[in-house]
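Structure at a glance
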Amino acid sequence: MNSKDSNTLRFYRRPPTEKNVYPRDGERAERSSDLLFVAMVMQTMQSIGGRLTLFSHPTNKKIRGYRVHAADGRYLHPVTGSELPPDEKHVVKMELKLPSLRAHLRDEGYGFRRLIRSGAHDLEISGDEGVLDRHRIPNGEQPAADPFLDNLHLAKLLDFAQPIKVKRGQLICPLDGPVAPGEVTLRSPPSTWTRLCGREWVVTFCPQCLFQFQDALVQMN
Ligand SMILES: [Zn+2]
(Lines give C-alpha, C1' and ligand atoms only; values in the text may rest on other atoms or scores of the structure.)
Protein backbone atom coordinates (compact mmCIF):
# COMPACT_ATOMS: atom_id res chain seq x y z
CA MET A 1 0.00 0.00 0.00
CA ASN A 2 1.49 3.37 -0.92
CA SER A 3 1.26 6.48 1.22
CA LYS A 4 -1.42 8.04 -0.99
CA ASP A 5 -3.67 5.06 -0.36
CA SER A 6 -3.10 5.12 3.36
CA ASN A 7 -3.84 8.84 3.43
CA THR A 8 -7.12 8.30 1.60
CA LEU A 9 -7.86 5.40 3.89
CA ARG A 10 -7.32 7.30 7.12
CA PHE A 11 -9.66 10.04 6.04
CA TYR A 12 -12.48 7.87 4.65
CA ARG A 13 -13.13 9.87 1.51
CA ARG A 14 -14.36 6.81 -0.36
CA PRO A 15 -16.44 3.85 0.75
CA PRO A 16 -15.10 0.44 -0.31
CA THR A 17 -16.46 -0.96 -3.58
CA GLU A 18 -17.34 -4.46 -4.77
CA LYS A 19 -13.64 -4.93 -5.49
CA ASN A 20 -12.93 -4.78 -1.77
CA VAL A 21 -13.24 -8.17 -0.18
CA TYR A 22 -10.73 -7.11 2.48
CA PRO A 23 -10.39 -4.13 4.78
CA ARG A 24 -8.20 -1.70 2.84
CA ASP A 25 -5.49 -1.53 5.49
CA GLY A 26 -4.81 -5.27 5.28
CA GLU A 27 -5.79 -5.86 8.90
CA ARG A 28 -8.36 -8.41 9.95
CA ALA A 29 -11.92 -7.10 10.19
CA GLU A 30 -11.99 -7.14 13.98
CA ARG A 31 -8.76 -5.09 14.12
CA SER A 32 -9.00 -2.91 11.04
CA SER A 33 -9.08 0.88 11.04
CA ASP A 34 -11.07 0.72 7.79
CA LEU A 35 -14.31 1.27 9.67
CA LEU A 36 -16.30 2.04 6.53
CA PHE A 37 -15.52 -1.51 5.40
CA VAL A 38 -16.56 -2.80 8.83
CA ALA A 39 -19.78 -0.73 8.73
CA MET A 40 -20.66 -2.02 5.25
CA VAL A 41 -20.12 -5.61 6.37
CA MET A 42 -22.30 -4.90 9.40
CA GLN A 43 -25.03 -3.63 7.12
CA THR A 44 -24.87 -6.79 4.98
CA MET A 45 -25.08 -8.91 8.12
CA GLN A 46 -27.94 -6.86 9.54
CA SER A 47 -30.06 -7.48 6.48
CA ILE A 48 -29.07 -11.10 5.84
CA GLY A 49 -27.90 -12.48 9.18
CA GLY A 50 -25.10 -15.01 9.41
CA ARG A 51 -21.46 -14.61 10.29
CA LEU A 52 -18.42 -13.07 8.70
CA THR A 53 -16.10 -15.92 7.72
CA LEU A 54 -12.37 -15.24 7.32
CA PHE A 55 -10.58 -17.77 5.12
CA SER A 56 -6.86 -18.24 5.37
CA HIS A 57 -4.17 -19.92 3.29
CA PRO A 58 -3.89 -23.55 4.46
CA THR A 59 -0.19 -23.36 5.31
CA ASN A 60 0.88 -19.76 5.91
CA LYS A 61 -2.37 -18.83 7.73
CA LYS A 62 -2.59 -15.43 6.01
CA ILE A 63 -6.13 -14.23 5.52
CA ARG A 64 -7.05 -14.74 1.87
CA GLY A 65 -10.72 -14.05 1.69
CA TYR A 66 -13.89 -12.88 3.36
CA ARG A 67 -17.42 -14.13 2.98
CA VAL A 68 -20.63 -13.54 4.86
CA HIS A 69 -21.94 -17.03 5.55
CA ALA A 70 -25.70 -16.55 5.62
CA ALA A 71 -28.02 -18.64 7.79
CA ASP A 72 -29.37 -20.37 4.64
CA GLY A 73 -25.87 -21.61 3.76
CA ARG A 74 -25.10 -19.20 0.92
CA TYR A 75 -21.82 -17.29 0.82
CA LEU A 76 -22.08 -13.58 0.11
CA HIS A 77 -19.75 -10.74 -0.73
CA PRO A 78 -19.05 -9.01 2.59
CA VAL A 79 -19.65 -5.51 1.24
CA THR A 80 -22.25 -5.84 -1.50
CA GLY A 81 -24.17 -8.88 -0.23
CA SER A 82 -24.13 -10.46 -3.71
CA GLU A 83 -23.76 -14.24 -3.85
CA LEU A 84 -20.22 -15.65 -4.11
CA PRO A 85 -18.99 -19.23 -4.42
CA PRO A 86 -17.52 -20.70 -1.23
CA ASP A 87 -13.76 -20.23 -0.93
CA GLU A 88 -12.71 -23.82 -1.50
CA LYS A 89 -8.98 -23.22 -1.87
CA HIS A 90 -8.67 -21.89 1.65
CA VAL A 91 -9.61 -22.91 5.16
CA VAL A 92 -11.85 -21.20 7.65
CA LYS A 93 -9.65 -19.16 9.96
CA MET A 94 -12.33 -17.65 12.16
CA GLU A 95 -15.91 -16.44 12.19
CA LEU A 96 -17.18 -13.17 13.56
CA LYS A 97 -20.68 -12.28 14.65
CA LEU A 98 -22.30 -8.87 14.31
CA PRO A 99 -21.81 -7.84 17.99
CA SER A 100 -18.03 -8.36 17.66
CA LEU A 101 -17.89 -6.01 14.68
CA ARG A 102 -20.10 -3.49 16.48
CA ALA A 103 -17.83 -3.59 19.54
CA HIS A 104 -14.87 -2.94 17.26
CA LEU A 105 -16.61 0.05 15.63
CA ARG A 106 -17.40 1.42 19.09
CA ASP A 107 -13.92 0.89 20.55
CA GLU A 108 -11.94 2.00 17.50
CA GLY A 109 -14.21 4.80 16.29
CA TYR A 110 -15.44 6.43 19.49
CA GLY A 111 -12.43 6.80 21.81
CA PHE A 112 -12.58 10.58 21.37
CA ARG A 113 -16.28 10.62 22.21
CA ARG A 114 -15.61 8.69 25.40
CA LEU A 115 -12.79 11.08 26.29
CA ILE A 116 -14.91 14.19 25.74
CA ARG A 117 -17.75 12.75 27.80
CA SER A 118 -15.56 11.38 30.57
CA GLY A 119 -14.94 14.72 32.23
CA ALA A 120 -11.21 14.57 31.44
CA HIS A 121 -10.99 18.34 31.85
CA ASP A 122 -7.29 18.50 32.60
CA LEU A 123 -6.67 18.38 28.84
CA GLU A 124 -6.32 21.69 27.06
CA ILE A 125 -8.62 21.66 24.06
CA SER A 126 -8.37 24.19 21.27
CA GLY A 127 -10.46 24.23 18.14
CA ASP A 128 -14.10 23.35 17.54
CA GLU A 129 -15.46 24.20 20.99
CA GLY A 130 -18.93 25.07 19.70
CA VAL A 131 -19.45 21.57 18.32
CA LEU A 132 -17.94 19.90 21.35
CA ASP A 133 -20.06 21.89 23.81
CA ARG A 134 -23.09 19.91 22.67
CA HIS A 135 -21.40 16.67 23.68
CA ARG A 136 -19.30 17.51 26.71
CA ILE A 137 -20.24 16.88 30.30
CA PRO A 138 -20.37 20.31 32.00
CA ASN A 139 -17.64 20.97 34.56
CA GLY A 140 -18.51 19.60 37.96
CA GLU A 141 -21.11 17.13 36.69
CA GLN A 142 -20.51 13.43 37.02
CA PRO A 143 -20.15 11.71 33.65
CA ALA A 144 -23.29 9.69 33.04
CA ALA A 145 -23.67 6.66 30.81
CA ASP A 146 -23.60 7.48 27.12
CA PRO A 147 -27.02 6.45 25.71
CA PHE A 148 -25.67 6.62 22.16
CA LEU A 149 -22.70 4.29 22.67
CA ASP A 150 -24.64 2.07 25.07
CA ASN A 151 -27.24 1.53 22.34
CA LEU A 152 -25.07 1.39 19.26
CA HIS A 153 -27.04 -1.67 18.11
CA LEU A 154 -30.02 0.69 17.62
CA ALA A 155 -28.06 3.31 15.68
CA LYS A 156 -28.79 3.48 11.98
CA LEU A 157 -25.78 2.90 9.75
CA LEU A 158 -25.37 4.92 6.59
CA ASP A 159 -27.33 3.46 3.66
CA PHE A 160 -24.40 2.30 1.56
CA ALA A 161 -26.71 1.04 -1.20
CA GLN A 162 -27.39 4.67 -2.16
CA PRO A 163 -24.74 6.61 -4.09
CA ILE A 164 -22.63 8.69 -1.69
CA LYS A 165 -21.60 12.14 -2.90
CA VAL A 166 -18.69 13.64 -1.02
CA LYS A 167 -18.00 17.35 -1.45
CA ARG A 168 -14.57 18.87 -1.11
CA GLY A 169 -13.51 18.92 2.52
CA GLN A 170 -16.05 16.33 3.63
CA LEU A 171 -15.30 12.90 5.08
CA ILE A 172 -17.62 9.93 5.35
CA CYS A 173 -18.94 9.00 8.79
CA PRO A 174 -20.26 5.40 8.85
CA LEU A 175 -23.42 6.66 10.53
CA ASP A 176 -23.97 10.21 9.26
CA GLY A 177 -22.47 10.05 5.79
CA PRO A 178 -20.47 12.93 4.29
CA VAL A 179 -19.80 15.63 6.89
CA ALA A 180 -17.47 18.61 7.20
CA PRO A 181 -15.25 17.28 9.97
CA GLY A 182 -14.47 19.13 13.18
CA GLU A 183 -10.89 19.33 14.32
CA VAL A 184 -9.41 19.97 17.76
CA THR A 185 -5.95 19.98 19.26
CA LEU A 186 -5.67 18.23 22.60
CA ARG A 187 -2.74 19.03 24.83
CA SER A 188 -1.83 17.45 28.11
CA PRO A 189 -1.41 19.88 31.07
CA PRO A 190 1.77 22.02 31.43
CA SER A 191 3.04 19.91 34.34
CA THR A 192 3.32 16.86 32.05
CA TRP A 193 5.61 18.81 29.70
CA THR A 194 8.03 19.67 32.51
CA ARG A 195 8.02 15.99 33.52
CA LEU A 196 8.89 14.97 29.92
CA CYS A 197 5.66 13.15 29.16
CA GLY A 198 3.71 15.94 27.46
CA ARG A 199 1.56 15.06 24.46
CA GLU A 200 -0.25 17.07 21.84
CA TRP A 201 -2.47 15.49 19.27
CA VAL A 202 -5.01 16.49 16.65
CA VAL A 203 -8.35 14.74 16.40
CA THR A 204 -10.56 14.99 13.33
CA PHE A 205 -14.14 13.96 14.06
CA CYS A 206 -17.76 13.88 12.89
CA PRO A 207 -19.63 16.89 14.33
CA GLN A 208 -22.85 14.83 14.60
CA CYS A 209 -21.78 11.73 16.52
CA LEU A 210 -18.08 12.41 17.32
CA PHE A 211 -16.91 9.45 15.22
CA GLN A 212 -13.14 9.81 15.11
CA PHE A 213 -11.69 9.98 11.60
CA GLN A 214 -8.14 10.49 12.73
CA ASP A 215 -6.13 10.83 15.91
CA ALA A 216 -2.64 12.07 15.06
CA LEU A 217 0.08 12.63 17.64
CA VAL A 218 1.82 15.86 16.58
CA GLN A 219 4.13 16.59 19.52
CA MET A 220 5.59 14.85 22.54
CA ASN A 221 8.59 15.24 24.78
ZN1 LIG B 1 -21.17 10.75 12.63
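This structure is a prediction, so every number in the text was calculated from the model and none was measured. (Residues numbered from 1 in each chain as written. Predicted model: local features only at pLDDT ≥ 70, side-chain atom pairs only at ≥ 80, totals over all residues.)

1. Describing the overall build of the protein
In terms of helices and strands, the protein carries seven helices and 11 strands. Counting only C-alpha atoms and orienting by the principal axes, one finds that the protein spans roughly 60 × 35 × 35 Å. Counting every position in the protein, which comprises 221 residues, the buried fraction comes to 27%. Pairs at least 24 apart in sequence give 56% of the contacts found in the protein among residues at least 6 apart. (Helix = DSSP H or I, 4+ residues; strand = E, 2+ residues; numbered from the N terminus. Buried ≥ 20, exposed ≤ 12 C-beta atoms within 10 Å, placed from the backbone. Contact = placed C-beta atoms within 7 Å.)

2. Observations concerning the pairing of strand S2 (residues 63-69)
Relative to S2, strand S1 (residues 51-56) runs antiparallel, the two sharing six bridges. Paired with Thr 53 across the strands is Arg 67, a residue of S2. Connecting S1 to the next strand, S2, in antiparallel fashion are six residues, including Lys 61 with a positive phi near 65 degrees. Judged from the two bridges that link them, S2 and strand S3 (residues 75-76) form a sheet pairing that is antiparallel. (Pairing = 2+ DSSP bridges.)

3. Describing the domain arrangement of the protein
Parsing the protein into structural domains produces domain 1 (3-105) and domain 2 (110-220). Placing a centre on the C-alpha atoms of domain 1 and another on those of domain 2 gives a separation of 26 Å. In this complex, domain 1 contributes 13 residues to the contact, which on the side of domain 2 involves 12 residues. Breaking the side of domain 1 that touches domain 2 down by element, the ones donating at least two residues are helix H1 (3-11), helix H2 (35-48) and helix H3 (98-109). Residue contributions to the side of domain 1 that touches domain 2 peak at six residues, all from H2. Here the residues of the side of domain 1 that touches domain 2 are counted per class, giving nine nonpolar, one polar and three charged. (Domains from an automatic or database assignment. Nonpolar A, V, L, I, M, F, W, Y, C, P; charged D, E, K, R; others polar.)

4. Details of the sheet that holds S1
Overall, antiparallel pairing links the five strands, which are arranged S4-S3-S2-S1-S5 in an open sheet. Looking at strand neighbours, the two that pair on one side only are strand S4 (83-84) and strand S5 (91-96), the edges of this open sheet. The strands touched by H2 within the sheet are S1, S2 and S3, with S2 carrying the most contacts at an inclination of about 30 degrees. (Axes fitted to C-alpha atoms, helices over the stretch in contact; angles between N-to-C directions.)

5. Thoughts on the packing of H2 against H3
With their axes 10 Å apart at the nearest point, H2 and H3 run at an angle of 150 degrees to one another. Relative to H3, H2 is oriented roughly antiparallel. Considering only the axes of H2 and H3, their crossing is left-handed. From H2, Leu 35, Val 38, Ala 39, Val 41, Met 42, Met 45 and Gln 46 reach across to H3, where they touch Leu 98, Leu 101, Arg 102, His 104, Leu 105, Glu 108 and Gly 109. Each residue belonging to the contact of H2 with H3 can be placed in one class, and the counts come to nine nonpolar, three polar and two charged. (Parallel < 35°, antiparallel > 145°, perpendicular 65-115°, else oblique. Left-handed = near helix turned anticlockwise from the far one by under 90°.)

6. Description of the nonpolar core
Ala 29, Val 38, Val 41, Leu 52, Leu 101, Leu 210 and Phe 211 are the most contacted members of the largest nonpolar core, which has 39 residues in total. Among the elements of the structure, H2, S1, S2, H3, helix H4 (111-117), strand S7 (171-173), strand S9 (182-187) and strand S10 (199-205) are those that each provide at least two residues to this core. Per-element tally for this core: the top contributor is H2, with nine residues. Shared between two domains, this core holds at least three residues of each, these being domain 1 (3-105) and domain 2 (110-220). (Core = buried A, V, L, I, M, F, W, Y, C linked by C-beta atoms within 7 Å.)

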